[in-house]
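Structure assessment
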There are 2 protein chains.
Amino acid sequence: MRIEAIAIGTELLTSARVDTNSVWIAQRLADLGLAFHRKSAVGDDREDLRGLFLEALERSELIICTGGLGPTFDDFTKELWAEVLNAPLVEHPDIRAQIEGFFRTRNRPCPPSNFKQALIPVGAEALSNPIGSAPGLLWENLPGYPDTRIVLFPGVPREMKRMWEDQVEPRLRALAGKPVHTLRLLVGSIGESALDERTAALREKHGGLDWSILASLGLVELVARSTDLEALAAAQSDYEAELGIDRICTGTGTLEATVLEQLNRRDQTLALAESMTGGRVAALLTGIPGSSKALVGGAVVYSALAKAELAGLAPDFIATHGTVSEPVTRALAEGMRVRLGADWAMAITGNAGPEEDKDGPAPAGTSFIAVAGPAGTQILNGFFPGERADVLLRSTHQALDFLRRCLLR
Amino acid sequence: MRIEAIAIGTELLTSARVDTNSVWIAQRLADLGLAFHRKSAVGDDREDLRGLFLEALERSELIICTGGLGPTFDDFTKELWAEVLNAPLVEHPDIRAQIEGFFRTRNRPCPPSNFKQALIPVGAEALSNPIGSAPGLLWENLPGYPDTRIVLFPGVPREMKRMWEDQVEPRLRALAGKPVHTLRLLVGSIGESALDERTAALREKHGGLDWSILASLGLVELVARSTDLEALAAAQSDYEAELGIDRICTGTGTLEATVLEQLNRRDQTLALAESMTGGRVAALLTGIPGSSKALVGGAVVYSALAKAELAGLAPDFIATHGTVSEPVTRALAEGMRVRLGADWAMAITGNAGPEEDKDGPAPAGTSFIAVAGPAGTQILNGFFPGERADVLLRSTHQALDFLRRCLLR
């Protein structure tokens with residue numbers, strides 16, 4: 001089935017927004033053995049939209065549109081599809097009642113503009129929106145396009161996801177082909193082309209699989225897709241043997257979830273002292289439900305005072321060695337480990353740039369990572385060139401991967 | 001000029017990646033008074049790619065491709081454009097030398113696969129890549145398409161950005177039309193359609209401007225675009241007067257940058273005690289260069305022990321009131337303010353879900369925000385339904401916006 005995503009909104013052509021809806025839908029499609037062959041984004045421009053709608057009707061069997069169903073002046077996806085399909089719009093009393101109910105339960109007056117959301121094109125089926133005011137739409141058995149389906153979702157991710165799960169996915173399940181399975185290996189602290197070279201022979205050996213390799217901010221993903229589960233299993237064992245400790249996880253996991261699992265498996269706890277990374281390691285870990293079991297807490301020790309007050313360092317000790325130094329980073333980890341009575345503690349100091357460090361020999365991009373554990377403290381000195389945002393995320397990933405390796409030793 | 005973005009890579013059609021390159025390019029185009037009319041993403045599929053390349057040649061005057069220039073087996077953007085344009089590939093000695101130099105300066109052996117990156121199609125101009133191994137390509141004065149330009153960039157954002165700034169933007173500047181200026185107002189803690197209703201009359205009054213309204217995780221952007229600076233300035237003063245304290249900032253700013261500016265303007269400092277938001281407020285603030293001036297530091301008080309050790313709360317006090325409660329949140333803010341000697345301190349507790357709170361009446365989505373300042377402590381009790389990730393970000397934004405309002409009072 002040729003499936004196409006169309007994300008609608010001028011903001012998606014500017015720097016103001018990224019279309020994340022189609023990313024989520026892509027995963028749900030993959031689970032059904034389906035995939036997008038194309039994704040497009042167009043603005044709130046009637047001519048561009050009409051042109052793309054007509055193209056899509058010719059090349060795709062399932063057209064999934066998100067956005068432009070809202071109550072505001074720049075929302076007209078539904079009206080335009082109705083035009084393209086010559087379908088008049090008629091008010092749907094149930095939908096109008098739902099919209100009124102939506103505002104009533106929130107004790108908010110219903111802005112009159114919301115009632116345009118109750119207009120449904122003749123021939124389309126309304127998809128109810130239990131958590132928002134904009135209903136979705138579904139066309140099947142289109143005159144002239146019997147094999148084509150069109151689905152319109154609101155652009156609000158929460159609403160789209162709920163409507164997809166309850167009302168659209170069940171129908172697609174019936175149409176889905178043989179499920180395509182994915183083998184994903186997440187690899188830490190090794191470059192993309194180095195990994196490509198290292199696994200070239202294995203890729204040859206498992207050439208029947210559809211491979212891709214993706215690098216991002218210090219992490220690399222090796223992905224193989226196939227309908228043949230046995231072939232994927234054979235590739236998995238070969239790759240896991242080759243990658244060894246460099247492999248973070250196999251499957252859909254993340255680096256932070258892997259670290260939490262390691263701690264939970266040992267029933268051990270973690271404390272953090274983040275200077276350079278400013279809370280990013282904690283934010284990644286706390287994004288995972290149940291992270292409070294292993295994560296006792298942490299400190300964002302962004303000043304000498306915070307390093308003294310929260311991690312117990314002596315101010316003159318910091319002055320002597322400089323903030324971005326091995327001794328201070330080691331002392332932060334060991335101090336926080338004792339302070340929070342944790343089995344493990346990690347500290348990160350560094351200079352994310354853009355300015356060079358004033359009180360020490362720490363060019364922008366330099367970092368020190370200290371992991372204090374039951375058997376002592378290990379140090380990693382990192383360096384990443386680049387923009388502040390990149391340096392911060394790469395250093396965050398490097399720190400979590402270093403912690404993962406320390407936990408495995 | 002009709003400008004089209006094409007992002008290449010099967011990963012961009014899966015849940016593994018989002019194309020952020022075109023988002024950055026869109027901003028640079030806007031500064032030149034240019035804009036995308038369409039963005040597409042296609043996979044590493046020669047047929048789909050060839051089809052899109054041919055479409056784009058017909059409808060666009062500038063085609064900007066990112067991705068598929070790497071050394072690995074799934075990179076063939078350059079080869080395919082060469083095919084479409086009937087241009088043979090020839091090795092470019094300078095580029096080969098650059099690639100060898102790139103690896104030499106990093107003391108890494110050059111994988112032979114990288115040399116395919118030195119092949120340049122006849123008729124195309126190589127764009128050198130000072131920070132990576134993949135050169136870009138530029139076609140001008142194409143036989144058959146005299147008014148069409150094609151630019152190929154590597155998919156690595158840092159490399160693409162550097163090459164855009166140094167080698168592509170200067171050429172576009174000459175072609176650019178009258179600059180389009182943008183008025184952007186960022187608004188906090190008010191719903192999209194409520195804001196739409198509230199500003200409907202003003203939008204009428206300033207109907208000559210091209211308006212859009214965008215909501216995301218508790219923040220709303222009002223954006224107007226025009227070549228007429230005076231019209232934008234008139235709209236700005238009307239909107240700022242109407243929005244009052246609900247306006248976070250005007251221009252390209254962010255909520256976190258606005259809060260830091262407020263603190264710097266008063267030469268005051270901030271400390272944080274994050275339970276629910278787990279370091280997200282700190283991560284947003286520390287993303288801004290120079291944030292260490294105002295941000296003394298913070299604690300991720302994810303356990304009762306951390307609340308006691310880092311913010312000085314008595315364990316039985318926490319047990320009495322429950323973690324997610326007004327008294328505990330107030331005590332965290334006031335305790336951290338004293339501990340770090342800051343002018344202001346903010347604490348956030350809550351239950352991000354998915355599970356209900358065990359030790360208190362805190363359904364998933366509940367939050368308490370306390371801001372302790374020179375004139376006392378203010379409390380906000382928030383509630384957001386939804387997924388953990390959304391709840392965490394909405395609560396992070398609500399906390400920063402509450403702090404902003406407290407700073408203005």
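Residues numbered from 1 in each chain as written. Chains lettered and ligands numbered in written order. Predicted model: local features only at pLDDT ≥ 70, side-chain atom pairs only at ≥ 80, totals over all residues. Heavy atoms only, no water.

**Focus: the overall build of chain A**
What counts, and what does not: Secondary structure elements are defined from DSSP: runs of H or I of at least 4 residues count as helices, runs of E of at least 2 residues count as strands, and each element is numbered from the N terminus. Remark: exposure states derive from per-residue accessible area (1.4 Å probe, protein chains only) relative to the maximum for the residue type, with buried under 20%, exposed over 50%, and partly exposed in between. A contact between two residues is defined here by any heavy atoms of the two lying within 4.5 Å. What sets the accessible areas is the Shrake-Rupley method with a 1.4 Å probe; for residues, cover comes only from the shown protein chains.
Scanning chain A for helices and strands turns up 14 helices and 17 strands. On the principal axes, the C-alpha backbone points of chain A span a range of 75 × 60 × 40 Å. Burial status across chain A gives 58% buried among its 409 residues. A fraction of 68% describes how many contacts in chain A between residues 6 or more apart in sequence connect residues 24 or more apart. Taken as a whole, chain A presents about 15800 Å² of accessible surface, with 52% of it coming from carbon and sulfur.

**Remarks on the pairing of strand E2 (residues 36–42) of chain B**
Just so we agree on the cut-off: Any two strands between which DSSP finds at least two bridges are classified as paired. Here, the term right-handed applies to a crossover whose path from the first strand over the helix to the second runs clockwise when the strands point away from the viewer.
Taking burial as the measure, the seven residues of E2 of chain B include seven buried ones, the bulk of the element. In this sheet, E2 of chain B lies alongside strand E2 (residues 36–42) of chain A in antiparallel orientation, the contact comprising three bridges. Residue alanine 41 of chain A lies in a different strand from E2 of chain B, and its bridge partner there is lysine 39 of chain B. Here strand E1 (residues 3–8) of chain B pairs with E2 of chain B via six bridges, running parallel. Bridge pairing in E2 of chain B places alanine 5 of chain B opposite lysine 39 of chain B. Read as a crossover between parallel neighbours, the route from E1 of chain B over helix H1 (residues 21–31) of chain B to E2 of chain B is right-handed.

**Brief notes about the relation of the copies chain A and chain B**
To keep it simple, the criterion reads: Least squares is the method used to superpose the copies, on C-alpha atoms of residues holding a pLDDT of at least 70 in both.
Each copy of the sequence occupies a distinct position, and chain A is placed on chain B by a rotation of 180° and an axial shift of 0.1 Å, giving an RMSD of 0.1 Å. Here the two chains are linked by the operation of a two-fold rotation axis. Most of the interface of chain A is mirrored in chain B: 100% of its interface residues are interface residues there too.

**Section: the pairing of strand E14 (residues 295–300) of chain B**
Counted residue by residue, E14 of chain B has six buried out of six residues, so it is predominantly covered. Judged from the three bridges that link them, strand E14 (residues 295–300) of chain A and E14 of chain B form a sheet pairing that is antiparallel. Looking at E14 of chain B, one finds that glycine 298 of chain A is bridged to valine 300 of chain B. Here strand E13 (residues 270–274) of chain B runs beside E14 of chain B; their pairing, made up of five bridges, is parallel. Bridge assignment links leucine 272 of chain B to a residue of E14 of chain B, and that residue is glycine 298 of chain B.

**A short note on the sheet that holds strand E10 (residues 210–216) of chain A**
In a beta sheet, neighbouring strands pair by backbone hydrogen bonds and run either parallel or antiparallel. Residue and element names in this part refer to chain A. So the rule is basically this: The convention used is that axes are lines fitted to C-alpha atoms, helices contributing only their stretch in contact, and that angles between N-to-C directions extend from 0 to 180 degrees.
Spatially, E10-E11-E9-E12 is the arrangement adopted by the four strands of the open sheet, whose pairing is antiparallel. Two strands in the sheet have a free side with no partner beyond their single neighbour: E10 and strand E12 (247–250). Along the sheet, successive strands turn relative to each other by an average axial angle of 20°, direction set aside. Direction of pairing for strand E9 (residues 181–188) relative to strand E11 (residues 219–226): antiparallel, over a ladder of eight bridges. Note that in E11 the partner of threonine 182 across the bridge is arginine 225.

**Looking at the packing of aromatic side chains**
This is how it is decided: Pairing of aromatic rings covers Phe, Tyr and Trp, the last through its six-membered ring, and needs centres within 6.5 Å; plane angles under 30 degrees mean stacked, over 60 mean edge-to-face, and all others mean tilted. Sitting over a ring, as applied to charges here, requires NZ of Lys or CZ of Arg to be within 6 Å of the ring centre and within 35 degrees of the ring normal.
A complete count under the given rule lists eight aromatic pairs over all chains for this structure. Aromatic pair phenylalanine 153 of chain A and tryptophan 164 of chain A: ring centres 6.0 Å apart, planes at 45°, arrangement tilted. In this pair, phenylalanine 153 of chain A is assigned in strand E8 (residues 149–153) and tryptophan 164 of chain A in helix H5 (residues 157–175), connecting sequence segments 11 residues apart. Each member of the pair, phenylalanine 153 of chain A as well as tryptophan 164 of chain A, carries the same accessibility label: buried. Considering the side-chain rings of phenylalanine 53 of chain B and tryptophan 81 of chain B, the 4.1 Å spacing of their centres and the 10° angle between planes classify their relative orientation as stacked. Placement of the pair is phenylalanine 53 of chain B in helix H2 (residues 46–59) and tryptophan 81 of chain B in helix H3 (residues 77–84), with a sequence separation of 28 residues. Exposure remark for phenylalanine 53 of chain B: the relative accessible area of 0% places this residue in the buried category. Positioned above the aromatic ring of phenylalanine 76 of chain A, the side-chain terminus of arginine 46 of chain A is 4.0 Å from the ring centre.

**As for the pattern of salt bridges**
Where charged atoms of side chains with opposite charge meet at close range, the side chains can pair. As a reminder of what qualifies: Counted as salt bridges are all cases of a side-chain nitrogen of Lys or Arg within 4 Å of a carboxyl oxygen of Asp or Glu.
On inspection of all chains with the given rule, the structure shows 58 salt bridges over all chains. Between arginine 2 of chain B and aspartate 48 of chain A there is a salt bridge; the shortest N-O distance is 3.4 Å. Taken together, the residues arginine 2 of chain B in the segment before E1 and aspartate 48 of chain A in helix H2 (residues 46–59) connect one chain to another. Exposure remark for arginine 2 of chain B: the relative accessible area of 36% places this residue in the partly exposed category. A relative accessible area of 13% means that aspartate 48 of chain A is categorised as buried. The salt bridge involving glutamate 55 of chain A is made with arginine 59 of chain B; its shortest N-O contact spans 3.3 Å. Of the two residues, glutamate 55 of chain A is situated in helix H2 and arginine 59 of chain B in helix H2; the pairing between them involves two chains. It is possible to trace a salt-bridge network through shared partners that takes in Glu4, Arg38, Glu55 and Arg59 of chain A together with Glu4, Arg38, Glu55 and Arg59 of chain B.

**Section: the packing of helix H9 (residues 255–266) of chain A against helix H14 (residues 388–408) of chain A**
All names here are of chain A. Selection rule: Should an angle lie under 35 degrees it is considered roughly parallel, over 145 roughly antiparallel, and from 65 to 115 roughly perpendicular; all remaining angles are considered oblique. Crossing handedness: left-handed means the near helix sits turned counterclockwise from the far one by under a right angle, and right-handed means the same turn made clockwise. Residues are grouped as follows: Ala, Val, Leu, Ile, Met, Phe, Trp, Tyr, Cys and Pro are nonpolar; Asp, Glu, Lys and Arg are charged; every other residue, Gly included, is polar.
It is at 10 Å that the axes of H9 and H14 come closest, and there the two elements cross at 30°. Between H9 and H14, the angle is such that the two are roughly parallel. With respect to the hand of their crossing, H9 and H14 are arranged in left-handed fashion. When H9 is examined against H14, the residues Leu255, Glu256, Thr258, Val259, Gln262, Leu263 and Arg266 are found in contact with a partner set consisting of His397, Leu400, Asp401, Leu403, Arg404, Leu407 and Leu408. Split by residue class, the contact of H9 with H14 holds seven nonpolar, three polar and four charged.

**A word on helix H5 (residues 157–175) of chain B**
Residues and elements named next belong to chain B. We count it as follows: Working definition for bend: take the seven residues up to and ending at a residue and the seven starting at it, fit an axis to each, and measure the angle between the axes.
The largest bend along H5 measures about 50° and falls at valine 168, with the proline proline 170 one to four residues further on. Looking at H5, one finds that the buried residues are Glu159, Met160, Lys161, Met163, Trp164, Gln167, Val168, Glu169 and Leu172. The inward-facing, buried residues of H5 contact H1, strand E3 (62–66), strand E6 (125–127), strand E7 (136–139) and strand E8 (149–153).

**Overview of the nonpolar core**
When a protein is soluble and globular, its nonpolar side chains tend to lie buried together. Rule in force here: As used in this record, nonpolar core signifies buried Ala, Val, Leu, Ile, Met, Phe, Trp, Tyr and Cys residues forming a set joined through side-chain atoms within 4.5 Å.
Judged by nonpolar contacts, the single largest core of 42 residues is most densely connected at Leu310, Leu332 and Met336 of chain A together with Leu310, Leu332 and Met336 of chain B. With near-sequence residues (within four places) excluded, leucine 310 of chain B lies in contact with Gly298, Leu310, Met336, Arg339 and Leu340 of chain A together with Ala299, Val301, Met336 and Arg339 of chain B. Within the second largest apolar cluster, 34 residues are counted, among which are Leu186, Ile248, Trp344 and Phe402 of chain A.

**Some thoughts on the domain arrangement of chain A**
All names here are of chain A. This is how it is decided: Segmentation into domains, and thus their bounds, comes from an automatic or database assignment. Using a 1.4 Å probe, buried area is obtained as the accessible area two parts lose upon being combined, added over both of them. We define a polar contact as two N or O atoms separated by no more than 3.5 Å, with the added condition that, inside protein, one atom must be a possible hydrogen donor and the other a possible acceptor, whereas residues neighbouring each other in sequence contribute only through side-chain atom pairs.
When its domains are assigned, chain A resolves into domain 1 (3–176), domain 2 (181–252) and domain 3 (256–408). The straight-line distance from the C-alpha centre of domain 2 to that of domain 3 is 29 Å. On the side of domain 3, nine residues touch domain 2, which itself brings 11 residues to the contact. Per-residue buried area on domain 2 facing domain 3 is highest for Leu217, Ile245 and Ile248; these three make up 64% of the total on that side. One can count one salt bridge joining domain 2 with domain 3. Aspartate 246 is the salt-bridge partner of arginine 405, the closest N and O atoms lying 3.0 Å from each other. Inspection of the domain 2/domain 3 interface yields six residue pairs in polar contact (both at pLDDT 80 or more). Per element, the largest residue contribution to the side of domain 2 that touches domain 3 is three residues, and it comes from E12.

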